[in-house]
Amino acid sequence: MNVASIIQFKNVTKRFGNNPPVLDNVSFTLERGKFYTLLGPSGCGKTTILRLIAGFTEPSEGEIWFNGQKINHLPANKRQVNTVFQDYALFPHLNVFENVAFGLRIKKVKKTEIEAKVKQALSFVNLDGYEYREIREMSGGQRQRVAIARAIVNKPEMILLDEPLSALDLKLRTEMQYELRELQRRLGITFVFVTHDQEEALAMSDEIFVINNGKIQQSGTPTDIYDEPINRFVADFIGESNIVEGKMVEDYLVEFVGKKFECDDKGFNANEPVEIVIRPEDLEITTPELGRLQVRVDSQLFRGVHYEICCYDKDDNEWLVHSTKKAKVGKEIGLSFDREAIHVMRLGETEEEFDRRLETYADKGDSAQWKVN
Amino acid sequence: MFDFKGFSMQWYRELFHDTRMLIIVLNTIIVALLSALFSTIFGMLGALAIYNAKKRQTKNMLLSLNNVLIVSPDVIIGASFLILFTIAGVKLGFYSVLLSHIAFSIPIVVLMVLPKLMEMSPSLIDAARDLGANSWDVLTKVIIPFISPGIFAGFFMALTYSLDDFSVTFFVTGNGFSTLSVEIYSLARRGISLNINALSALLFLVTLLLVVIYHFITLRNNKASGLGVQKR
Ligand SMILES: Nc1ncnc2c1ncn2[C@@H]1O[C@H](COP(=O)(O)OP(=O)(O)OP(=O)(O)O)[C@@H](O)[C@H]1O
Ligand SMILES: [Mg+2]
């Protein structure tokens, strides 16, 4: 356990009754002062991970370490962690000031000190002057900020946020994303943020954990995960993707939709079946003669920044294209893309195997764009 | 009977000179206050126990037991208490009346407090523990303030139930101890005296006052339930 790590899960499994485990042998390490995001579909176990860290529930198997100390059975009120709850959980019988002061009052901090700290925390979240409002007089976004102030005022080592922005409208949500990220940088506290919104995760995080069915599918920086998804689930969940089946003919040569393409991937067996990911924004519309793929435009949606164009090739594979240019529905068009746009995924590869394979590229130094973590 | 000739304070004056009557009024008030106080405490603890029951079965069983006491007729409750006290050898009088009043008020308090507990989002308790509160802090700083409208309502319900109870008290009282309702009953049987009318008028005013207080409490109650926590 190194100095930078603050929390560590060692083979943690969580079961409720005799049901299949909600978390299945999960291991990870979080470093001090970073912004982490847990991303995954509903019911995948995100809240359960937060509850394990906060101490509201105990793991069925495995160990949880905090600052070099095993904390499996440490009660929640003894942990240096504060939570911003999915439903904010503000105390309705207390006003804004008293809500924020709750933790300090429990710790028997001096009155003058409480006053100063609460004021400071409220101004952190831009709520100066709201001290004596009742909670019911606050809007959803303001309540959320009260919940954040209530967590940060205790200066914990770690703050857990459970989908705190899910109730807000798009504009307020984007604003709060900036504010939260900014706040985390200013305070230098470790944040663990839960969301099932992939754009939110990409925009805010130092590192993302993509979770499905109680297992961590992939972890890494937003660009790592977006550019090099490890499997179909991650590719599908993070952004839109075109995923087709193909086979790896040899190193740097892959075959799909009946054609061979040069690519940047290697380390596969000859003729190994693989899956190919091409992001919609990497596809460019040209004439059928110039295109590397020939497709027919099926439908088109205007998305504001771009058109989302849905096409089918002659094998009935769907191709999603994001383009600023309009296409004509029913017309035959060509799609062109760079060799870097092709991302090859090995079937059923785990994260460790994936990382090991990436390392072999780096060792030989022949593929500069691979990032190894 | 009497011809109405105008208002008079005479019977009130007489009432207030009747020390026996005054002692009975005092007894009634003391029994009501004490039984309301104790039944509120036990009722609240009972509601917390039902709320915290882990198994659904235990929860339902406790709730049904509670409801049995509410639906059973006063006469049966009174008779049962009489049998119980006689078997247990409790002397009939102040304590037997107080105990039975506490006993029949507890289920009422439970019924007033439990919905408030159910209304409370469990994440409030998690939040308090998250902020460093131990179990005592959670109880006194979060749970009790949250359910306090229910507690007040329960207290006043218990108070009124105790004040106007006749049948149960009639069974378990004895040794010269009497409450207002029992006393009025025996006075009325002896023949009409205008003392009773004066007493009834006073009783009516007190009850009215209690109803008004209760009304304001429920008002506060409704206001409180619209508060901050959003439930999903
Ligand atoms: N106390 C419990 N008893 C039984 N099952 C539970 C309990 N708590 C959670 N679960 C189950 O654990 C799984 C994961 O729940 P969790 O709350 O962690 O999901 P989540 O990823 O936070 O989902 P969401 O995005 O919908 O909030 C779910 O299938 C849920 O039904
Ligand atoms: Mg959740």
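Residues numbered from 1 in each chain as written. Chains lettered and ligands numbered in written order. Predicted model: local features only at pLDDT ≥ 70, side-chain atom pairs only at ≥ 80, totals over all residues. Heavy atoms only, no water.

Observations concerning the environment of Phe171(B)
All names here are of chain B.
Thinking step 1. With respect to the secondary-structure elements, Phe171 resides in helix 8 (residues 167-172).
Thinking step 2. A relative accessible area of 26% places Phe171 in the partly exposed class.
Thinking step 3. Residues Phe171 and Leu82 lie 89 residues apart in sequence; the distance between their C-alpha atoms is 6.1 Å.
Thinking step 4. Leaving out residues up to four positions away in the same chain, Phe171 has contacts with Val75, Gly78, Ala79 and Leu82. (Helix = DSSP H or I, 4+ residues; strand = E, 2+ residues; numbered from the N terminus. Buried < 20%, exposed > 50% of the residue type's maximum accessible area, 1.4 Å probe, protein only. Contact = heavy atoms within 4.5 Å.)

Some points on the nonpolar core
Thinking step 1. Counting 66 residues, the largest nonpolar core has Phe9(A), Leu30(A), Phe91(A), Phe102(A), Met158(A) and Leu117(B) as its most contacted members.
Thinking step 2. Among the elements that line this core, the one with the most residues is helix 7 (residues 135-163) of chain B, at 10 residues.
Thinking step 3. Dropping the residues within four chain positions of it, Leu117(B) is found in contact with Ala47(B), Leu48(B), Tyr51(B), Ile143(B) and Ile147(B). (Core = buried A, V, L, I, M, F, W, Y, C linked by side-chain atoms within 4.5 Å.)

Considerations on the interface of chain A and chain B
Thinking step 1. In this complex, chain A contributes 26 residues to the contact, which on the side of chain B involves 24 residues.
Thinking step 2. Scanning the region where chain A abuts chain B turns up one salt bridge.
Thinking step 3. Salt-bridge contacts for Asp126(B) lead to Arg51(A); the nearest nitrogen and oxygen are separated by 3.1 Å.
Thinking step 4. On the surface where chain A and chain B come into contact, there are eight residue pairs in polar contact (both at pLDDT 80 or more).
Thinking step 5. Listing elements by their share of the side of chain A that touches chain B, those giving two or more residues are helix 1 (46-54), strand 6 (81-84), helix 2 (96-106) and helix 4 (140-152) of chain A.
Thinking step 6. For the side of chain A that touches chain B, the class distribution of residues is 14 nonpolar, seven polar and five charged. (Salt bridge = Lys/Arg side-chain N within 4 Å of Asp/Glu carboxyl O. Polar contact = N/O pair within 3.5 Å; in protein donor to acceptor, adjacent residues only side chain to side chain. Nonpolar A, V, L, I, M, F, W, Y, C, P; charged D, E, K, R; others polar.)

Quick notes on empty space enclosed by the protein
All names here are of chain A.
Thinking step 1. Taken as a whole and assessed by the stated rule, the structure comprises one cavity of 30 Å³ or more.
Thinking step 2. A volume near 60 Å³ is recorded for the largest cavity.
Thinking step 3. The wall of the largest cavity is formed by Lys117, Gln120, Ala121, Phe124, Ile152, Val153, Lys155 and Leu187.
Thinking step 4. When residues of the lining of the largest cavity are assigned to their parent elements, the largest contribution, four residues, is made by helix 3 (residues 111-124). (1 Å grid on protein atoms, 1.4 Å probe; cavity = no way out; pocket = protein on both sides within 12 Å on 5 of 7 lines; lining within 4 Å. Points joined across faces, edges and corners; volume = space filled by probe spheres on them.)

Here's the deal with the layout of surface pockets
Residue and element names in this part refer to chain A.
Thinking step 1. Of the voids in this model, the largest pocket is the one considered here, and its volume is about 680 Å³.
Thinking step 2. Lining the largest pocket we find 23 residues, and of these Ser27, Ile216, Ser219, Glu351 and Glu352 sit closest to its centre.
Thinking step 3. Elements with a minimum of two residues in the lining of the largest pocket: strand 2 (23-31), strand 9 (207-212), strand 10 (215-220) and helix 9 (351-364).
Thinking step 4. The element best represented in the lining of the largest pocket is strand 2, accounting for six residues.
Thinking step 5. A domain-level breakdown of the lining of the largest pocket finds at least three residues from each of domain 1 (5-227) and domain 2 (241-364). (Domains from an automatic or database assignment.)

Comments concerning the pairing of strand 9 of chain A
Residue and element names in this part refer to chain A.
Thinking step 1. With six of six residues buried, strand 9 is to be regarded as a mostly interior element.
Thinking step 2. Side chains Glu207, Phe209 and Ile211 of strand 9 all project onto a buried face; the interleaved residues Ile208, Val210 and Asn212 project onto the opposite face, where all are buried too.
Thinking step 3. Summarising the sheet, strand 3 (residues 35-39) and strand 9 pair through four bridges and their orientation is parallel. Directly across from Tyr36, in strand 9, lies its bridge partner Glu207.
Thinking step 4. Between strand 9 and strand 10, which pair antiparallel and follow one another directly, the connecting turn spans two residues, one of which, Asn213, has a positive phi of 50 degrees. (Pairing = 2+ DSSP bridges.)

Focus: the pairing of strand 7 (residues 158-162) of chain A
On a regular strand, one side chain projects to one face of the sheet and the next to the other, so that they alternate.
Residue and element names in this part refer to chain A.
Thinking step 1. Most of strand 7 sits inside the fold, with five of its five residues counted as buried.
Thinking step 2. By the alternation rule, side chains of strand 7 split into Met158, Leu160 and Asp162 and Ile159 and Leu161, which are all buried.
Thinking step 3. Looking at chain direction, strand 6 and strand 7 are connected through four bridges and run parallel. Note that in strand 7 the partner of Val81 across the bridge is Met158.

Overview of the site of ligand 1
Residues and elements named next belong to chain A.
Thinking step 1. Taken together, Phe16, Val22, Ser42, Gly43, Cys44, Gly45, Lys46, Thr47, Thr48, Gln86, Glu163 and His196 form the complete shell of residues around ligand 1.
Thinking step 2. A distance of 2.5 Å separates an oxygen atom of ligand 1 from a polar atom in the side chain of Ser42.
Thinking step 3. Measuring from an oxygen atom of ligand 1, one finds a side-chain N or O atom of Lys46 at 2.7 Å.
Thinking step 4. Burial of ligand 1 by the protein amounts to 59% of the accessible area it has alone, namely 640 Å². (Near = heavy atom within 4 Å. Areas by Shrake-Rupley, 256 points an atom, 1.4 Å probe, with all protein chains shown as cover.)

Side note on the sheet that holds strand 13 (residues 259-262) of chain A
Residues and elements named next belong to chain A.
Thinking step 1. Strand order across the open sheet formed by five strands is 13-12-11-14-20, with antiparallel pairing between neighbours. In this open sheet, the two edge strands, each paired with only one partner strand, are strand 13 and strand 20 (343-346). The sheet shows a mean angle of 40 degrees between the axes of neighbouring strands, taken without regard to direction.
Thinking step 2. With four bridges joining them, strand 14 (residues 272-278) and strand 20 adopt antiparallel strand pairing. Counted as the bridge partner of Ile276 is Val344 from strand 20. (Axes fitted to C-alpha atoms, helices over the stretch in contact; angles between N-to-C directions.)

Some words on a nonpolar patch on the surface
Thinking step 1. A cluster of nonpolar side chains, contributed by Phe204(B), Leu205(B), Leu208(B), Val212(B), Phe216(B) and Leu219(B), occupies part of the molecular surface with about 600 Å² of accessible area.
Thinking step 2. Position of Leu219(B) relative to the elements: it lies in helix 10 (residues 194-225). (Patch = residues over 30% accessible without salt bridge, like charges linked within 9 Å, V, L, I, M, F, W, Y side chains within 5 Å.)

Keep in mind these numbers describe shape, not what the thing actually does.
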